[in-house]
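Results of the structural survey
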Amino acid sequence: MGFHTLRPISIIFPVIGSVHPFPHSRGRAMAGHSKWKTIKRAKAATDNKRGALFTRLIREITMAAKLGGGDPGGNPRLRTAIDNAKAVSMPKDNIDRAIKKGTGELEGVDYVEVLYEAYGPGGVAIMIQAVTDNPTRTVADVRHKLSRNHGNMGSSNSVAYLFERKGQMSVAAAGVNEDTLIEAALEAGADDVARDGDDWRVLTDPSDVWDVKSALEAKGVKVTSAENTMVAANTVPVTDVEDAKKILKIMDGLEDNDDVQDVYANFDMSEEIMQAVN
């Protein structure tokens with residue numbers, strides 16, 4: 001993606017109004033990165049994907065510590081990265097070494113953070129977050145994986161303006177009363193609550209995500225994940241099966257690159273299209 005620095009993030013959803021005190025959507029088809037995250041859950045179960053995940057998480061911890069210091073209490077990005085690493089049972093020693101490499105206490109690779117912007121089939125906007133020690137190598141691979149499936153690189157800010165940075169939490173929908181969750185999220189300062197398959201997603205200002213998480217947990221709400229992410233103001237419906245196949249191949253191919261931390265896109269695919277692709 002023409003590149004510039006940006007904080008890693010992870011879901012793409014439109015904001016939809018409702019009768020609740022803040023925007024809230026019910027049972028809508030998943031869009032963009034949220035749909036992609038669901039697909040990735042099955043892929044991540046394999047051993048080789050687990051190894052790639054560890055590599056990405058270590059790089060994110062290192063970059064977070066490099067940019068914001070080694071204290072997770074004062075560095076929300078590092079706190080998120082550590083929590084994500086613990087969630088997949090990364091050993092504490094690995095986490096500590098990654099932090100020390102970021103702060104310079106241990107010698108390590110000099111990583112830089114880049115964001116590439118791109119377009120996929122059907123006018124879908126794509127952003128690729130990478131942490132790399134060789135931007136020339138990374139951009140060449142990104143360009144190749146886009147072009148082989150009818151995608152192309154964009155210039156700086158060609159698609160970034162379509163997305164907004166947000167904090168996001170996931171809450172398992174099973175056993176959770178909808179109205180109780182919405183009331184608790186509103187009181188905690190959340191911006192939006194929406195159904196996302198088997199989960200509820202709670203969106204906040206990026207700087208408020210941990211405060212809102214703590215407030216929800218104090219009310220007995222179990223938050224399964226919390227992170228900073230990116231939300232699209234609008235999504236692009238993908239109704240052509242061939243376009244859908246190419247888009248998912250682009251997403252999958254990009255994430256096979258160890259330098260790529262995350263991929264965001266503003267596509268919206270119905271369950272029927274997803275089934276046809278699979």
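Structure report, in brief.

Rules behind the numbers
Residues numbered from 1 in each chain as written. Predicted model: local features only at pLDDT ≥ 70, side-chain atom pairs only at ≥ 80, totals over all residues. Heavy atoms only, no water. Helix = DSSP H or I, 4+ residues; strand = E, 2+ residues; numbered from the N terminus. Expected span 1.5 Å × (residues − 1). Buried < 20%, exposed > 50% of the residue type's maximum accessible area, 1.4 Å probe, protein only. Arc of directions from axis to C-beta. Contact = heavy atoms within 4.5 Å. Salt bridge = Lys/Arg side-chain N within 4 Å of Asp/Glu carboxyl O. Axes fitted to C-alpha atoms, helices over the stretch in contact; angles between N-to-C directions. Parallel < 35°, antiparallel > 145°, perpendicular 65-115°, else oblique. Left-handed = near helix turned anticlockwise from the far one by under 90°. Nonpolar A, V, L, I, M, F, W, Y, C, P; charged D, E, K, R; others polar.

With 13 residues, helix α5 (residues 135–147) extends 18 Å from end C-alpha to end C-alpha; this agrees with the ideal 18 Å at 1.5 Å per step. Of all the positions in α5, only Thr138, Val139, Val142, Lys145 and Leu146 are classed as buried. Seen from one end, α5 has its buried residues packed into an arc of 130°, which puts them on one side. Tucked into the core, α5 has its buried residues touching β3 (112–119), β4 (125–132), β5 (152–153) and α8 (241–255).

Going through the model one piece at a time under the given rule, you end up with 14 salt bridges. The partner of Arg137 in a salt bridge is Asp133, with the nearest N and O atoms 2.9 Å apart. Each member of the salt-bridge network shares a partner with another, and the members are Arg59, Asp133, Arg137 and Asp259.

Before going further, it helps to examine the packing of α5 against α8. In helix packing, the relevant descriptors are the interaxial angle and the interaxial distance, both defined with respect to the helix axes. One can describe the packing of α5 onto α8 by two numbers: an axis separation of 9 Å at closest approach and a directional angle of 160°. Between α5 and α8, the interaxial angle falls into the category roughly antiparallel. Pair α5 / α8 crosses with right-handed handedness. On α8, the residues touching Val142, Lys145 and Leu146 of α5 are Ile250, Gly253 and Leu254. Taken together, the residues of the contact of α5 with α8 sort by class into 4 nonpolar, 1 polar and 1 charged.

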